[in-house]
There are 2 protein chains.
Amino acid sequence: MKAEILCVGTEILLGDIVNTNAQFISRQLANLGIEVFHQSVVGDNPDRLLEELENGFKRSDIIITTGGLGPTPDDLTKETGAKFFNRELILDKNSLENLKEHFSKMGRSYSKGNNIKQAYFPKGSKILPNPHGTAPGCAIEENGKIMIILPGPPKEVAPMFNNYVKPFLKKYSSKIIKSKTLRLCGIGEGVMAEMASDIIKNSTNPTVAPYAKEEDTILRITAEASTEDDALKLINPVEIQLKKIFGINIYGEDDIKMEEVLGKMLTDKKFTISSAESCTGGMIAAKLVNYPGISEVFKEGAVTYSNEAKINRLGVKKTTLDKYGAVSYETAREMAEGIAKTSNTDIGISTTGIAGPGGGSTEKPVGLVYMGLYIKGRVQAKKFQYFGSRNTVRKRATMSALDWVRREILSI
Amino acid sequence: MKAEILCVGTEILLGDIVNTNAQFISRQLANLGIEVFHQSVVGDNPDRLLEELENGFKRSDIIITTGGLGPTPDDLTKETGAKFFNRELILDKNSLENLKEHFSKMGRSYSKGNNIKQAYFPKGSKILPNPHGTAPGCAIEENGKIMIILPGPPKEVAPMFNNYVKPFLKKYSSKIIKSKTLRLCGIGEGVMAEMASDIIKNSTNPTVAPYAKEEDTILRITAEASTEDDALKLINPVEIQLKKIFGINIYGEDDIKMEEVLGKMLTDKKFTISSAESCTGGMIAAKLVNYPGISEVFKEGAVTYSNEAKINRLGVKKTTLDKYGAVSYETAREMAEGIAKTSNTDIGISTTGIAGPGGGSTEKPVGLVYMGLYIKGRVQAKKFQYFGSRNTVRKRATMSALDWVRREILSI
């Protein structure tokens, strides 16, 4: 089966919004083993929409549309679909009831003139309920051509796709595509590709591909098979090989975040932690606090931007700051030890560096960050060099800091 | 002039990346007064690319492509463009020199076999230099049809568009579209639309439109005119009217960020600040540190997640925590005063709340946040209720906190 995606909305053509629906649906179809051949966007214009349906169905078997299901007269996707398949629009009583209920829940009055339009569908189509909005979707099937009509808001598209479109489309796909992602930190895309070059070159099913993301790098293993179990059987040996090569550099799998991995480790082991941040300015604390259970172990974070705060809060020695500077191994070490001791935690992590854009010198360039790690009585310091904007430097330093704690806990 | 955008890349069809290029170019063309009629995406497949060029040039005068300019054999956009316009590919010596220089700068060796492809262009085309990558773009013009070929990476597309495509296209547009954005905090899209309903309804040129963003709400004033000056003359009176209606609720204009507005206010007035965060967990500090000059005034941030830290670091009274709880007016007030006094700053801002997903109760539901603000000897507390995920609650609370400081400084 070949599919394409047709998004309707003048706001996309004006560049007011990014078309995340096209990405979401493409990814989902790829997972179902349905190939996406084409994506397009047209405005709220029924002639151009009809033209696109005609062209699209010459190339493909399935067209999935988003948008144009609103209550206003320029929302015309269902109307145009009905025209293409030569069907009339029929009121669906169930959808009308849901619509009225939705409005009463929101404490708003239901306006018959406009909203009733959202309960009409091309005759004979399968209705796709929308618990997250007022516009249900629908699917029309005729002579091997399938049109699936979804609403515009991404928050409505995702649950509708997962709950109704996926089961509907499964019967049309004889294969599925399954991916497994390994997430790495502290190792670049190039080095990663080199270390796994034999596997990457020789893999056909599953394929192995490295990608650089903003905060980490990933290896994606993708298999094609007729069932999920078969796909996993193909992925499994390659995954084991890759894990042997990369070992501790892999911090997690699929969509897991560094703070979840570390948060779980800390709470499992009941290791308490505190942070003392200069250049990362609170980002380490903010990431840790992303993990809902963190309050058990995260005692305190200090953002000690000034030398004064480093001295008063963390007990960094004035002589250390004078002799080595705030951005130094020595200061990083004293910050980490200081926060751990004053907060009475097992672990203390610190950062001090030059995030830019100003403040750099030949000796201490922008992107230079020292980190300190106190862990159960032992204190170390490390030097890192990042490239990129102020924000990129800070984000990457934050990831490195969390990753360093993770690695140290694993090595205890 | 009618334009369309044609993005080439299998990774977009697989849903591996979001097509931000289409948005960026659409927005830029809208600003130039050139209407975008259509966006499409095809894979790295010359037949489908050629078909799309043929269809596109029936509808439109300008097609802007992105992607398919890489060094590998499946990168074929220039080749397909040359075929469509029936031209041969010619080596551009200048581009070849730049390419060699680029590789030597990166300390990598230039590989003739592959990379030389990036210095070939359809005969007679205008070359668009790429200082940010190895693939220059080009523009072909023939009988009123214009094809503009850009690379794929967004970081290369934006500067190439701004530096070369914009001046090139200006001659084809007799009008320009100019927007002015007013940014508001603490006021919803609905209320905003209601307060400005007369202006929104009666405006045609400029138009006024309200939008809800994740962290704030905006009002966009958009005018069409033949010059930028004329557009600004149309925008100006409407802008004045809106500023009268919304007053202090407008925190900034266009792409400015809250932390820049507040950072500038604090450094201009030399007001020192410190923060004490519980539920926002470092996000306030991290936002403030986004502003490069902040080190002059931001003395210290404390992330006091535990009651112990609230007591030890900030001097919150144990009796307060016992009697009112950590999430209360009283605790917020003592946190703000505590951080300001121990850091010796003019201002202290604090947050304590329930970010969720757990921890809520009927009395203190998820999304409830108390904030304290100490400013030059006076301390206040406020209650906020947010809706959304843990992360949304924390982001919105962070914006409210910064906005509250901004408003208080203005009222001094």
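Just so we're clear, the structure is a prediction, and the values are computed from it rather than from any experiment.

**Examining the pairing of strand β15 (residues 347–353) of chain A**
Residues and elements named next belong to chain A.
Then comes step 1: For β15, the tally of buried residues reaches seven of seven residues, placing the bulk of the element in the interior.
Then comes step 2: What you see with β15 is no split at all: Ile347, Ile349, Thr351 and Gly353 on one side and Gly348, Ser350 and Thr352 on the other are buried throughout.
Then comes step 3: Where strand β13 (residues 273–277) lies against β15, five bridges are found, and the strand directions are parallel. By the bridge assignment, Ala276 is partnered in β15 with Ser350.

**Points about the sheet that holds strand β13 (residues 273–277) of chain B**
Then comes step 1: Taken in spatial order, the ten strands line up as β17(A)-β16(A)-β15(A)-β13(A)-β14(A)-β14(B)-β13(B)-β15(B)-β16(B)-β17(B) in an open sheet, and their pairing is mixed. Edge positions in the sheet fall to β17 (378–385) of chain A together with β17 (378–385) of chain B, since each of these pairs with one other strand and no more. Within the sheet, the average angular offset between the axes of one strand and its neighbour, ignoring direction, is 10°.
Then comes step 2: Bridge count between strand β16 (residues 368–375) of chain A and β17 of chain A: eight bridges; the pairing is antiparallel. Bridging across to β17 of chain A, Tyr374 of chain A finds its partner in Val379 of chain A.
Then comes step 3: Where helix α13 (residues 307–314) of chain A meets the sheet, its contacts fall on β13, β14 (298–304) and β15 of chain A together with β14 (298–304) of chain B, and the angle it forms with β14 of chain A comes to roughly 150°.

**Regarding the interface of chain A and chain B**
Then comes step 1: In this assembly, 58 residues from chain A lie in contact with 58 residues from chain B.
Then comes step 2: With both chains or domains summed, chain A and chain B bury close to 4,600 Å², and 47% of this area falls on carbon and sulfur atoms.
Then comes step 3: Seen at the junction of chain A and chain B, the total is ten salt bridges.
Then comes step 4: Of the charged contacts, one joins Arg313 of chain B and Glu300 of chain A as a salt bridge, the two residues approaching to 2.0 Å between their closest N and O atoms.
Then comes step 5: Taken together, the links from chain A to chain B amount to 35 residue pairs in polar contact (both at pLDDT 80 or more).
Then comes step 6: Broken down by element, the side of chain A that touches chain B gets its largest block of residues, seven residues, from strand β2 (residues 35–42) of chain A.
Then comes step 7: Across the side of chain A that touches chain B, the residue classes tally to 26 nonpolar, 18 polar and 14 charged.
Then comes step 8: Bridging between β2 of chain A and strand β2 (residues 35–42) of chain B involves five bridges; their strand directions are antiparallel. The residue of β2 of chain B that forms the bridge with Val41 of chain A is Gln39 of chain B.

Conventions we followed
- Residues numbered from 1 in each chain as written.
- Chains lettered and ligands numbered in written order.
- Predicted model: local features only at pLDDT ≥ 70, side-chain atom pairs only at ≥ 80, totals over all residues.
- Heavy atoms only, no water.
- Buried < 20%, exposed > 50% of the residue type's maximum accessible area, 1.4 Å probe, protein only.
- Helix = DSSP H or I, 4+ residues; strand = E, 2+ residues; numbered from the N terminus.
- Pairing = 2+ DSSP bridges.
- Axes fitted to C-alpha atoms, helices over the stretch in contact; angles between N-to-C directions.
- Contact = heavy atoms within 4.5 Å.
- Buried area = accessible area lost by both parts, 1.4 Å probe.
- Salt bridge = Lys/Arg side-chain N within 4 Å of Asp/Glu carboxyl O.
- Polar contact = N/O pair within 3.5 Å; in protein donor to acceptor, adjacent residues only side chain to side chain.
- Nonpolar A, V, L, I, M, F, W, Y, C, P; charged D, E, K, R; others polar.

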